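Here is how the chains run, residue by residue.
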Amino acid sequence: MATDEVIPPAISSEILSSTTAMILPRLARLFPGKPDALTNPDEGDANVDELDLTLLFEEGGLARSVNGDIGKNCVQLSIQEKHLVVKRSLHDSVDRQRAKKEKGPAKKMPNYFVAVPVENPAIREAGLAVQECIIKANESWKSAMVSVRKFHITLMVLCLGNEEEIERAHRALQASKEKIHNLSESESQFPELRLDFKGLESFGNQVLYINPVPSDGLTRLHEAARVVRETFAAHGLGSTDKKVSFEPHLTLMKLSKAPQLRRKGLKIPPDVYAEHLSLECGSEVISSLQLCSMMLPQDKETGYYFVSKQVDLNVPEEPLPHPSDETDVLR
């Protein structure tokens, strides 16, 4: 067996012994209702071939990857009288990694987003009441809830890879404010942008949100989102969002926060929030734009995201001095 890194038999046995209890429940969750694929090596399931032996070892925390060709050998984990067979050979994993490289660079994952905060206590209380009602029906849904202290509407998501890009995003946010102000007929004051929230909707029963109802304020928010995306793109910072259209929503819960529920194939059942479908939540006057981090620690006092930069929409930009004014000052 040719390998770049050989694990001695004694260590291999230790790894298998230590990870057995962890691996079987994990595979049982991945392949519910398929005991033969997990216990009988002669009746393997095609899905089992998708398992990566290296990944299982890494998750056990007891070994690094084993590089090389293990030929036609299988790794067998003995669990009482049952047997779990991982059929995938390591050279298959190497081939897959090579295929991924041939497909080109990996898609950039977002780590920042531009948002408008929603801070009205009445809206937060209404949202919290819905969350508590859903959790009361099923405690397991708690892990999918979004804290009401983080209420916001996302205008765009993006990936910022270094300090230079973050600084560029700061400039883009400032420029966005200026362009949004230019949409207004008033040069001295930004007209009130009010959003009214009423009722619940979902994205495929994967995301539950409070709906901003159609209004002049919502129309202007759509315009503001368009300006933000165009301005950031002009600064070389495009959105990583797959969606082309802007769909404003105030998220209450999302299954992406609870992967253990998604692995079970669960969706948010409409009956758990049916009584709140016409929920009256109140209004929010949008007053600022924020560039927030998805990864950096949240604010300990407010529980909100880390805000990298914020601009106040209600404060007009100071006009640049006219050249003649500068001349007068010098005199």
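Cut-off values and rules
- Residue indices begin from 1 for each chain and proceed along its sequence in written order.
- A pLDDT threshold of at least 70 governs which residues receive local features in this predicted model, and a stricter bar of 80 or more applies before side-chain atom pairs are shown or counted, although totals over entire chains, interfaces and linings include all residues.
- With hydrogens and water stripped out, all remaining heavy atoms of the structure feed into the side-chain values.
- For every residue, the accessible area (1.4 Å probe, protein chains only) is compared with the maximum for its type, and the residue is labelled buried under 20%, exposed over 50%, or partly exposed between those bounds.
- Helical segments are the DSSP runs of H or I of at least four residues, strand segments are the runs of E of at least two, and each set is numbered from the N terminus.
- Strand pairing follows a simple DSSP-based rule, namely that at least 2 bridges must link the two strands.
- The salt bridge criterion pairs a side-chain nitrogen of Lys or Arg with a carboxyl oxygen of Asp or Glu, the two atoms within 4 Å.
- A fitted line through C-alpha atoms serves as each axis, taken over the contacting stretch for helices, and the angle formed by two N-to-C directions is quoted from 0 to 180°.
- Contacts: residue pairs with any heavy atoms within 4.5 Å of one another.
- What qualifies as a polar contact is a pair of N or O atoms within 3.5 Å, subject to a donor-acceptor requirement within protein and to the restriction that residues adjacent in sequence count only when both atoms come from side chains.
- Helices are assigned an expected span. That span is 1.5 Å times one less than the residue count.
- Confidence of the predictor at the level of single residues is given by pLDDT, which spans 0 to 100.
- Within 6.5 Å between ring centres, the rings of Phe, Tyr and Trp (the latter by its six-membered ring) count as paired, and their orientation is classed by plane angle as stacked under 30 degrees, edge-to-face over 60, tilted in between.
- As a reminder, the over-ring test applies to NZ of lysine and CZ of arginine, requiring each to be within 6 Å of the ring centre and within 35 degrees of the ring normal.

The buried count for strand 6 (residues 207-212) comes to 6 of 6 residues, which makes it a mostly enclosed element. The sheet contact formed by strand 5 (residues 193-203) and strand 6 spans 5 bridges and is antiparallel. Across the sheet, the residue bridging to Phe203 is Val207, located in strand 6. Between strand 5 and the antiparallel strand that follows it, strand 6, lie 3 residues; Gly204 among them carries a positive phi value of about 60 degrees. Alignment of strand 6 against strand 7 (residues 250-254), held across 4 bridges, turns out to be antiparallel. In the strand pairing of strand 7, Ile210 is matched with Leu250.

Time to look at the pattern of salt bridges. A complete count under the given rule lists 6 salt bridges for this structure. The partner of Glu164 in a salt bridge is Arg168, and the shortest N-O contact between them spans 2.7 Å. One end of the pair, Glu164, and the other, Arg168, are both in helix 6 (residues 163-182), 4 residues apart, so they sit about a helical turn from each other. Residue class for Glu164 comes out partly exposed when judged on its relative accessible area of 43%. Residue Arg168 is classed as buried on the basis of its relative accessible area, which comes to 17%. Between Lys198 and Glu280 there is a salt bridge, and its shortest N-O distance comes to 3.4 Å. With Lys198 in strand 5 and Glu280 in strand 8 (residues 280-286), this residue pair connects regions lying 82 residues apart in the sequence. Where salt bridges share partners, they join Glu223, Arg226 and Glu230 into one cluster.

With that settled, consider the sheet that holds strand 8. With respect to topology, 4 strands assemble into an open sheet ordered 7-6-5-8, the strand pairing being antiparallel. Only two strands of the sheet have a single partner each, and these edge strands are strand 7 and strand 8. Pairwise comparison of adjacent strand axes, ignoring direction, gives a mean angle of 30 degrees for this sheet. Docked against the sheet, helix 5 (residues 121-137) engages strand 5, strand 6, strand 7 and strand 8, running at close to 140 degrees with respect to strand 8. Where helix 7 (residues 216-234) meets the sheet, its contacts fall on strand 5 and strand 6, and the angle it forms with strand 5 comes to roughly 85 degrees.

Looking at where Ser176 falls in the secondary structure, it is placed in helix 6. Among the polar contacts listed, one links the side chain of Ser176 to the backbone oxygen of Ala172, at a separation of 2.8 Å.

For helix 6, spanning 20 residues, the distance from its first C-alpha to its last is 29 Å, which sits close to the expected 28 Å at 1.5 Å a residue. The complete set of buried residues in helix 6 reads Glu165, Ile166, Arg168, Ala169, His170, Ala172, Leu173, Ala175, Ser176, Lys177, Ile180 and His181. Residues of helix 6 that are buried in the fold lie against strand 3 (112-117), helix 7, strand 9 (288-293) and strand 10 (306-312). One side-chain oxygen at the N-terminal end of helix 6 lies 3.1 Å from the backbone nitrogen of Glu164; it belongs to Asn162.

It should be kept in mind that the predicted coordinates are not to be read in detail where pLDDT is low. Looking at the chain, the pLDDT average stands at 74 and 62% of residues meet or exceed 70. Counting interchain partners and residues more than four positions distant, the pLDDT-below-50 stretch residues 1-19 has 25 contacts. Scored below 50 in pLDDT, residues 320-331 shows 1 contact in the model against residues more than four places distant or in partner chains.

We now examine the packing of aromatic side chains. The full count for this structure, using the stated rule, is 3 aromatic pairs. Relative to Tyr305, the ring of Phe113 has its centre 5.0 Å away and its plane inclined at 80 degrees; by these criteria the two rings are edge-to-face. Of this pair, Phe113 sits in strand 3 while Tyr305 sits in the loop between strand 9 and strand 10, and the two are 192 residues apart along the sequence. Look at Tyr304 and Tyr305: their rings are 5.5 Å apart centre to centre, the planes differ by 80 degrees, and that puts the pair in the edge-to-face class. Residue Tyr304 is classed as buried on the basis of its relative accessible area of 8%. The class for Tyr305 is buried, based on a relative accessible area of 17%. Three or more aromatic residues link up through ring pairs in this structure, and these residues are Phe113, Tyr304 and Tyr305. The ring of Tyr305 carries Lys150 above its face, with NZ or CZ at 5.0 Å from the centroid.

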